[in-house]
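# Reading the structure
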2 protein chains.
Amino acid sequence: MTNAHDVLFRTLSDPTRRAIFERLCREGEQTVGALTAQSGVSQPAVSKHLGVLRHAGLVRDRHEGRQTHYSAQLGALAPLTDWTNQMKAFWQSRFDDLENLLNRMDQ
Amino acid sequence: MTNAHDVLFRTLSDPTRRAIFERLCREGEQTVGALTAQSGVSQPAVSKHLGVLRHAGLVRDRHEGRQTHYSAQLGALAPLTDWTNQMKAFWQSRFDDLENLLNRMDQ
DNA sequence: GGGATCGATAACTCGGCGGCTATTGATTGA
DNA sequence: TCAATCAATAGCCGCCGAGTTATCGATCCC
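In short, a report on the structure. Worth saying up front: this structure is predicted, and the values here are computed from it rather than measured.

Right, let's talk about the overall build of chain A for a bit. Within chain A, the regular secondary structure consists of 5 helices and 3 strands. Sorting the 107 residues of chain A into buried and exposed places 39% on the buried side. Intrachain contacts of chain A at a sequence separation of at least 6 include 52% that bridge at least 24 residues. When the accessible surface of chain A is totalled, it reaches about 6300 Å², and 50% of it is carbon and sulfur.

A separate point is the sheet that holds strand β3 (residues 67-72) of chain A. Residue and element names in this part refer to chain A. Read from one edge of the open sheet, 3 strands run β1-β3-β2, paired in antiparallel fashion. Taken across any chain shown, the strands that pair with only one partner, and hence form the sheet edges, are β1 (30-31) and β2 (59-64). Across the sheet, helix α2 (residues 15-27) is in contact with β1, β2 and β3; its angle to β3 comes to roughly 85°. Contacts from helix α4 (residues 43-55) reach β2 and β3, with the element oriented near 120° to β2.

At an RMSD of 0.0 Å, chain B and chain A line up after a rotation of 180° and a shift of 0.0 Å along the axis. Interpreted geometrically, this transformation is the action of a two-fold axis. Most of the interface of chain B is mirrored in chain A, where 100% of its interface residues are also at the interface.

Near DNA strand D you find 23 residues, and of these Ser 47 and Tyr 70 of chain A together with Ser 42, Lys 48 and His 49 of chain B are the closest. Within 4 Å of the protein, the atoms of DNA strand D are drawn from sugar and phosphate moieties in a proportion of 61%. In this structure, His 49 of chain B approaches DNA strand D through a side-chain N or O atom, which is 2.3 Å from a phosphate oxygen. For the surface near DNA strand D, the secondary structure elements donating two or more residues are α3 (32-39), α4 and β3 of chain A together with α2 (15-27) and α4 (43-55) of chain B. Grouping the constituent residues of the surface near DNA strand D by class yields 6 nonpolar, 10 polar and 7 charged.

All names here are of chain A. Alignment of β2 against β3, held across 6 bridges, turns out to be antiparallel. Residue pairing for β3: Asp 61 is matched across the bridge by Tyr 70. Linking β2 back to β3 in an antiparallel pair, the connection comprises 2 residues, with Gly 65 at a positive phi of about 65°.

This part is about the nonpolar core. One finds Phe 21 and Leu 58 of chain A together with Phe 21 and Leu 58 of chain B to be the most contacted residues of the largest nonpolar core, which totals 48 residues. When neighbours within four sequence positions are excluded, Leu 58 of chain B is seen to be in contact with Leu 8, Thr 11, Leu 12, Phe 21, Leu 53, Ser 71, Ala 72, Gln 73, Ala 76 and Leu 77 of chain B.

Our focus in this paragraph is the side chain of Ser 13 of chain A. Counting through the fold element by element, Ser 13 of chain A comes out in the loop between α1 (4-12) and α2. Classification of Ser 13 of chain A by relative accessible area gives buried; the value is 3%. In this structure the side chain of Ser 13 of chain A is engaged in a polar contact, spanning 2.8 Å, whose partner is the backbone oxygen of Arg 10 of chain A. Among all residues touching Ser 13 of chain A, those that are not within four sequence positions of it are Arg 18 of chain A together with Phe 9, Arg 10 and Ser 13 of chain B.

Strands belonging to one sheet form pairs held by backbone hydrogen bonds; the direction of such a pair is parallel or antiparallel. Residues and elements named next belong to chain B. What the 3 strands build is an open sheet, ordered β1-β3-β2; its pairing is antiparallel. Across the chains shown, the open sheet's two edge strands, defined by having one partner strand only, are β1 (30-31) and β2 (59-64). Sitting on the sheet, α2 is in contact with β1, β2 and β3 (67-72), with an inclination near 85° to β3.

Residue and element names in this part refer to chain A. Helix length check: α4 (13 residues) gives 18 Å between terminal C-alpha atoms against 18 Å at 1.5 Å per residue, within 8%. Turning to α4, its buried residues number three or more, namely Val 46, His 49, Leu 50 and Leu 53. Buried positions in α4, seen along its axis, are confined to an arc of 100° and lie on one side of it. Of the residues in α4, the exposed ones pointing more than 90 degrees away from the buried face are Lys 48 and His 55. Backbone geometry just after α4 places Gly 57 at a positive phi near 80°.

Conventions used here
- Residues numbered from 1 in each chain as written.
- Chains lettered and ligands numbered in written order.
- Predicted model: local features only at pLDDT ≥ 70, side-chain atom pairs only at ≥ 80, totals over all residues.
- Heavy atoms only, no water.
- Helix = DSSP H or I, 4+ residues; strand = E, 2+ residues; numbered from the N terminus.
- Buried < 20%, exposed > 50% of the residue type's maximum accessible area, 1.4 Å probe, protein only.
- Contact = heavy atoms within 4.5 Å.
- Areas by Shrake-Rupley, 256 points an atom, 1.4 Å probe, with all protein chains shown as cover.
- Pairing = 2+ DSSP bridges.
- Axes fitted to C-alpha atoms, helices over the stretch in contact; angles between N-to-C directions.
- Least-squares fit on C-alpha atoms with pLDDT ≥ 70 in both.
- Near = heavy atom within 4 Å.
- Polar contact = N/O pair within 3.5 Å; in protein donor to acceptor, adjacent residues only side chain to side chain.
- Nonpolar A, V, L, I, M, F, W, Y, C, P; charged D, E, K, R; others polar.
- Core = buried A, V, L, I, M, F, W, Y, C linked by side-chain atoms within 4.5 Å.
- Expected span 1.5 Å × (residues − 1).
- Arc of directions from axis to C-beta.

See below:
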């Protein structure tokens, strides 16, 4: 029962992890070391967060020698925008129904 | 340092809670009893989830006799769309910078 | 008034998750 | 070759949050 929305919301719910993703969006590709320096947590913690982000498809990793570069994958945010649009659509649909009802009552 | 994004992502990260919100979006105003009947968890659990949703501004409650009606507040989703748009904007901005660089190199 | 229903609160349990340190594997360079 | 650096993994710990049952307050109906 665990769908794409679950994974996305869950992944982005942690502030530290979301901050890492935001940084990758702002500044582009970064090494683990660079990300660790500004994260306020230990390097293993950052590696774990990157693993979770990668699992959610939100980042890509590129190995270059002994360092790993991570970059944001914005396409992975699509289910999120889809979801919000769907919620708005549901809302709008019910509003339309109400409007139809009122129109019928007018006649 | 806890902003609107934190509250929203945290609130929506739980599947049970998000399902309750989705149902309110789909079907409009519902009583706690009606929500409990379909949620798969106990009534106190549902009440707690509704409390969290209300705290995030995602739902409104309306008291009528001994039952409480809850309805979705779609406006509260705005920070979410703002956030995703911002991420895309960062990405686009860096892309523009690259484009500028390439243009300058062309000359 | 008194039993019944509705929803919120209290009090507790338990599993998962985010953090840490220590270690390993791989790569670099002196 | 060997020390040093980088990132991932292992192993552990503490806490928060989602779930439960029990209870309370309030309202409805007989």
